[in-house]
Amino acid sequence: MGRAHAGADSTAAGTQPDLQMLAAGLSGTTASVRELLLALSAGFTLPGPLPATLESREDLGVIIETAKESGLLSEDGRVVGTVQHALLTGTPDAHLHALQRELVDKVLSAGLPFTDLARELARGGLHDARVAAELERAAAVVVDTDPRLAADLFAEALLAGADELDKAAQRAQAAAAIGELDTAGQLVDRLLAMPDPPGLLLGVDVAASVWSQRGMLARGADTYSWLGKERLGSSAPLAAVAMAGSGDLAMAEAVLEANRMSGSPTLLAVSLSLTGQGLRQTLGPEPQLGLPDLIRASDMMNAAGTVIPMPETPAALAALCALHGGEPALAETILRSALTAGQGGDPARPRHFLLLAWSLMHRDNADEARLAINEALKTNPWNLPPRDAFLHAALDVGLARRGGDVHELVVAWDRAREAMMHVSVDLFNLLPWGELMISAARLRETPKAAHYLSAVPELLERLGNPPLWGVPVHWAGVEAALLAEDPAGLAPHAAALVRASEHSHLASVLARGGRAWVSVLAGRFEASDVEAAARGLAAVGMPWEGARLAGHAAAHADERRDMVKLLACARDIHPPASGGTAPGIPQQVAATDPPPETRADAAGLSAREREVARLLLEGKTYREIGEAIYISHRTAEHHVARMRRRLGAESRSELLSRLRIALAEGYPDREHPPEPPLGPPRIP
């Protein structure tokens, strides 16, 4: 069309001497034929419209036939590519652009479709306010449904001379929707710095969405607060999500109260209204009333089929509430529906897949969870934003912990420690923080994560300790305290679970599970109580945790009938994989296990290797180990070499560190010496 378009055809047009020959040949044509060819090259078409100087000619038909007979014009009215290129490159810009502006006049006056032509003219270098306006109009139409096309149209509008900041909010929306968070952030930064910026509310929505994806939800809430509740309008529910999620419940309530839905009850408006209302209810004393509203909000957003910038999608909020309430199967249903409908567009798909993986992990379906993670990673060509990368890292930790692979857990923990440095604690990432709390205790790494984890109870305190959202965190605190043998650390979490039991069935189940764990670790338990607690955990979507409790109790049962009963319970609620056992079931109490010399535990160590490991951690030499357990020193050395390979240790010091983790019995650690022995922890 224009010079840029013609330049794209230069490789097919031949060498520079060829173009010179074409130009010489064209100079021999009549002026009227040349004028026709130039007009058609600039964008005019046959049979019209054509420039006024050509339309008024009585011999126009003769001119067209002459051009065709000369081989310069095809039968369908197209100028031969090499001829078009020669004409466009050999015509002064002023004359060419004058022709194109005349073309725009004719197209607009005739009411003809203009968008495709406007794109060609802009890419060809024409600066025209009408072309820019048409491209911006077309971009605004598709920005909610096809953000990539919108981004291209906005870029072409800039080529046509559009003002850089006039549509900055919509340009930022399109950029964020195609994963260009830095571009979106830069655009809204410039926009919000203006005294009276156009598209201000949309710009604030985009800014809050970008902050949320960066794992800094509180900064998004600050952006809404800066705008002021009086100017939030239809974005009030989005502001409330950001504010409540970052711990400012009072401001969230004020925003919702000041901006009740008053406009047309469209699918989108109803979805947003239900989102704000449902989230508010989940933070109150009757949180079960909020989940239906959030599910309906997700349904309406699916039906709306639009993509707008949001701190969190209704589907993600509904799924999180279901997970916090002990209903992972319901969370899975919500997320699969949202993925099918494309709720939230491409930016939301990885998060929905990762939350789906979390639901599957809790339902003890590790293979399906890993498939969902893979889908999250390949959904978009860009890397996961920090918020989703943190969730991914916590999933890897959770799967490794449940799989019992010490080496994999250590590697996953190292990645998670890096990911946690990029995000802040908020209401919507409490589940991954809870998982990391447990794993930190399991790996004796709690001091390295304490700074981050301390923000979790602070957030819950600011929100009035909502029972729905706090229950999984307190259960994680109970598990972490049990692993660390820390009664002082266990007490507040246990008490919180008991208090929440009045409003939460999940809390009552977890409180019962906590009491069962304490009784098992203290060696004073009733098998029937433990079994009831284990089956209760399985019933709220925690079969792995229930089987682990029953299996551990089986290993410490005084009566064989109790051991058999608890083993059957563990295998019932968590059927072992082929050749394996349910989590927490020591192999020495499994009837089908191999002899004690070769049995392997969850860390991959046999009973004999564990004996060797204990003596090695006590500082004994190979000869002393052999003398202690009646094996040769070479056999002891062989056991140590095999343990090093199984645990993936590269050095002796690394082996000793991983053996401490595998045995979890508090052997001396130079970096983190153990606390003095503690009595059995108690739970209310």
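In what follows, the structure referred to is the one given above.
The paragraphs below set out a description of the structure included in this document. For clarity, every value in this text was computed on a predicted model and none was experimentally measured. (Residues numbered from 1 in each chain as written. Predicted model: local features only at pLDDT ≥ 70, side-chain atom pairs only at ≥ 80, totals over all residues. Heavy atoms only, no water.)

## As for the overall build of the chain
In terms of regular secondary structure, the chain is built from 38 helices and zero strands. Counting over 684 residues, the chain shows a buried share of 52%. Residue pairs in contact within the chain that sit at least 24 positions apart in sequence constitute 64% of those at least 6 positions apart. (Helix = DSSP H or I, 4+ residues; strand = E, 2+ residues; numbered from the N terminus. Buried < 20%, exposed > 50% of the residue type's maximum accessible area, 1.4 Å probe, protein only. Contact = heavy atoms within 4.5 Å.)

## With respect to the environment of Gly125
Along the polypeptide, Gly125 turns up in the loop between α9 (115-123) and α10 (129-142). On the accessibility criterion, Gly125 (31% relative accessible area) is partly exposed. C-alpha separation for the pair Gly125 and Leu159, spaced 34 residues apart in sequence, amounts to 6.9 Å.

## Some points on the pattern of salt bridges
Inspection of the entire model under this criterion finds 35 salt bridges. Between Asp572 and Arg535 there is a salt bridge; the shortest N-O distance is 2.7 Å. Here Arg535 lies in helix α32 (residues 527-539) and Asp572 lies in helix α34 (residues 560-573), a separation of 37 residues in the sequence. For Asp572, a relative accessible area of 46% translates into the label partly exposed. What makes Arg535 partly exposed here is its relative accessible area of 32%. Three or more residues are tied together by salt bridges with common partners; here these are Arg101, Asp105, Asp128 and Arg130. (Salt bridge = Lys/Arg side-chain N within 4 Å of Asp/Glu carboxyl O.)

## Let's talk about helix α36 (residues 622-629)
Since one α-helical turn is 3.6 residues long, residues separated by three or four positions face the same way. Three or more residues of α36 are buried, namely Ile625, Gly626 and Ile629. When α36 is viewed along its axis, its buried side chains cluster within an angular range of 100 degrees and face the same direction. Facing away from the buried side of α36 by over 90 degrees, the exposed positions are Arg623 and Glu627. (Arc of directions from axis to C-beta.)

## Let's talk about unusual backbone geometry
Here the bond from Leu46 into Pro47 is cis, since omega is 10 degrees, no more than 30 degrees from zero. Phi is positive for Asp364, close to 70 degrees, though the residue is something other than glycine. Within the secondary structure, Asp364 is located in the loop between α22 (345-362) and α23 (366-378). For Asp364, a relative accessible area of 29% corresponds to the partly exposed category. The residue Arg444 is not glycine, and still its phi comes out positive at about 60 degrees.

## Looking at the environment of Phe44
Assignment of secondary structure puts Phe44 in the loop between α4 (31-42) and α5 (52-55). Aside from chain neighbours lying at most four places away, what touches Phe44 is Ala39, Pro49, Leu50, Pro51, Leu99, Glu102, Leu103 and Lys106.

## A look at the side chain of His392
Its place among the elements puts His392 in helix α24 (residues 386-403). Those residues in contact with His392 that sit more than four places away from it in its chain are Leu354, Ile373, Leu377 and Leu384.

## Here we look at the environment of Val241
Residue placement: Val241 occurs in helix α16 (residues 236-245). Distance in space between the C-alpha atoms of Val241 and Leu217 is 9.4 Å, their sequence separation being 24 residues. Sequence-distant contacts of Val241, that is, excluding residues within four places in its chain, are made with Leu217, Thr275, Leu279, Pro311, Glu312, Leu317 and Phe428.

## Focus: the packing of α4 against helix α8 (residues 93-110)
Contact geometry of α4 with α8 gives a least axis separation of 9 Å together with a crossing angle of 70 degrees. In terms of orientation, α4 and α8 fall into the roughly perpendicular class. Classified by chirality, the crossing of α8 by α4 is right-handed. Across the interface between the two elements, Leu38, Ala39 and Ala42 of α4 pack against His95, Leu96, Leu99, Gln100 and Leu103 of α8. (Axes fitted to C-alpha atoms, helices over the stretch in contact; angles between N-to-C directions. Parallel < 35°, antiparallel > 145°, perpendicular 65-115°, else oblique. Left-handed = near helix turned anticlockwise from the far one by under 90°.)

## Observations concerning the packing of helix α20 (residues 314-324) against α22
The geometry of a pair of packed helices is captured by two quantities: the angle between their axes and the separation between those axes. Running from N to C, α20 and α22 point in directions that differ by 15 degrees, and their axes come no closer than 10 Å. Classified by the interaxial angle, the pair formed by α20 and α22 is roughly parallel. The hand of the α20/α22 crossing is left-handed. When α20 is examined against α22, the residues Ala315, Ala316, Leu320 and Leu323 are found in contact with a partner set consisting of Arg351, His352, Leu355, Trp358 and Ser359. Broken down by class, the residue content of the contact of α20 with α22 amounts to six nonpolar, two polar and one charged. (Nonpolar A, V, L, I, M, F, W, Y, C, P; charged D, E, K, R; others polar.)

## Some details on the side chain of Ser504
Within the secondary structure, Ser504 is located in the loop between α30 (487-500) and α31 (505-521). Side-chain polar atoms of Ser504 contact the backbone nitrogen of Leu506, separated by 3.3 Å. (Polar contact = N/O pair within 3.5 Å; in protein donor to acceptor, adjacent residues only side chain to side chain.)

## Points about α10
Here α10 contains 14 residues, and its C-alpha end-to-end distance of 20 Å stays within 8% of the 20 Å for a straight helix at 1.5 Å per residue. Turning to α10, its buried residues are Val131, Ala132, Glu134, Leu135, Glu136, Ala138, Ala139 and Val142. Next to the buried residues of α10 lie α8, α9 and α11 (147-159). Among the residues of α10, the N-terminal cap falls to Asp128, whose side-chain oxygen and the backbone nitrogen of Arg130 are separated by 2.8 Å. (Expected span 1.5 Å × (residues − 1).)

## Some words on the packing of aromatic side chains
One pass over the full model with this rule turns up three aromatic pairs. Taken together, the ring pairs in this structure connect Phe390, Trp433 and Tyr452 into an aromatic cluster. Seen from the ring of Trp544, Arg402 lies directly overhead, with NZ or CZ sitting 5.5 Å from the centre. (Phe/Tyr/Trp six-rings, centres within 6.5 Å; stacked < 30°, edge-to-face > 60°. Lys NZ or Arg CZ within 6 Å of the ring centre and 35° of its normal.)

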